[in-house]
Amino acid sequence: MRLLIKNIGTLAGIDESGRIRVAGKEMNNIATLENCWLLTEGERIKDYGTMDTIPSDEGCYVVDAEGGWLLPSYCDSHTHIVYAGSREQEFLDKIKGLSYEEIARNGGGILNSADRLHDTSEDELYSQAMERVNEIVSMGTGLVEIKSGYGLTLEDELKILRVIRRIKENSPLSVRATFLGAHAVGRAYKGRQADYVAHVCDDMIPAVAAEKLADYVDVFCDRGFFTVEETARIIETGAKYGMRAKIHANELAVSGGVEVGVKYNALSVDHLESMGDEQIDALRGSCTMPTMLPGCAFFLGISYPPARKMIDAGLAVALASDYNPGTAPSGNMRFVTSLASIKMKMTPAEALNAATLNSACAMGESKDYGSITKGKVANFYITRPLPSLAFIPYAHQTPIIRTVVLKGKVVIN
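Residues numbered from 1 in each chain as written. Predicted model: local features only at pLDDT ≥ 70, side-chain atom pairs only at ≥ 80, totals over all residues. Heavy atoms only, no water.

Caption draft 1: The arrangement of the sheet that holds strand 12 (residues 289-292) in detail. Spatial ordering of the open sheet is given by 6-7-8-9-10-11-12-13, a layout of 8 strands whose pairing is parallel. Each edge of the open sheet is held by one strand with a lone partner, namely strand 6 (74-76) and strand 13 (318-319). Strand direction decides the pairing type here: strand 9 (residues 216-221) and strand 10 (residues 244-249), joined by 6 bridges, are parallel. Bridge pairing in strand 10 places Y216 opposite R244. (Pairing = 2+ DSSP bridges. Helix = DSSP H or I, 4+ residues; strand = E, 2+ residues; numbered from the N terminus.)

Caption draft 2: Layout of unusual backbone geometry. With phi around 55°, N7 is a residue other than glycine that occupies positive phi space. Tracing the backbone shows N7 in strand 1 (residues 2-14). Non-glycine residue K407 carries a positive phi angle of around 50°. Here K407 is to be found in the loop between strand 15 (401-406) and strand 16 (409-412). Take K407: its relative accessible area is 24%, and that puts it in the partly exposed class. (Buried < 20%, exposed > 50% of the residue type's maximum accessible area, 1.4 Å probe, protein only.)

Caption draft 3: Highlighting the nonpolar core. Residues I167, L319 and M346 are the most contacted members of the largest nonpolar core, which totals 106 residues. Counting residues in each nonpolar core, the second largest holds 17 residues, with L11, I14, V63 and V405 among its members. (Core = buried A, V, L, I, M, F, W, Y, C linked by side-chain atoms within 4.5 Å.)

Nothing here speaks to function; it is geometry throughout.
Below you can see the structure in the form of structure tokens.
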């Protein structure tokens, strides 16, 4: 099918350079084209240009943008959207002053979600997850990474990953799956963390690989969770089975997670609320993408990652939602970019690059996603007419999306 979008007021996020990420000062540049059209063919972007060069619409499905903006879909490289129920009781505990770590020690947090997930059927889990998937599609996300990690037993981790596979098969979203068995120590292994790590490496990873359920492997490398040495063992085991690493790092403390991620060529190190000059130096020159999750810092009331310092040091940075029931119960990537601007002093252009091309890079997918580029997958959304790019994070609750196109098909209009 050919899809022709005409009367686009501003086409933004154009990139024909072939680069897979944008770093440092270049993050503040967004290429645009005014008064234009865009043509897709099959799942890919075919061409675009100004309205005085618009091709014939014969054989095309035509959408009139009516002067609105066309932007590349958000690429959300860190989510946990397959979970059971919700955790608003812990929200009340936070209001009363309990920290994330205190809630976890009291049996809440990740273990609470694992208990609920164990008692939830795969079909019900899929139904709940698809509600969240449809929600993020409506808010402009086109490529998403979804983690396991709320199972913490072999059977329940496989259940989550099978749900993710069903989402991939049945949703217009482009979906990538991550095995996060090392999200916490399962209840059956309380007091035996070394045995649980062995279980992850010797039993879980081979079983996940046998069913080809995961693209990546992840570890929560942080204070009170998994050590650098345990993380390295899990990364090495995952690599043997073709799963590249994406690491939870430095949310609660300077944990060594950044350094071990860089050492093992991880696609990304995520969270980074606790960062120093040494961690920034470790990332400089590496292919590992530092990924910030400001929705988590917002919800927990903790410090935000030092985005400004990282960008000024010449790094590429990515943004993701961390959509999960305990610390970031929202997949609204537009709000994430707003937090990036308000709380981390990123410009709207920097935030857009971080939430599109660079977040696609954090999944190893920026050759096909994250910008308006001839030949890339046709994932984009069309807004009503806007005064500027800055309006998007500025008026972050004002509805602006009119049309969503994923893989060259109109899915919301």
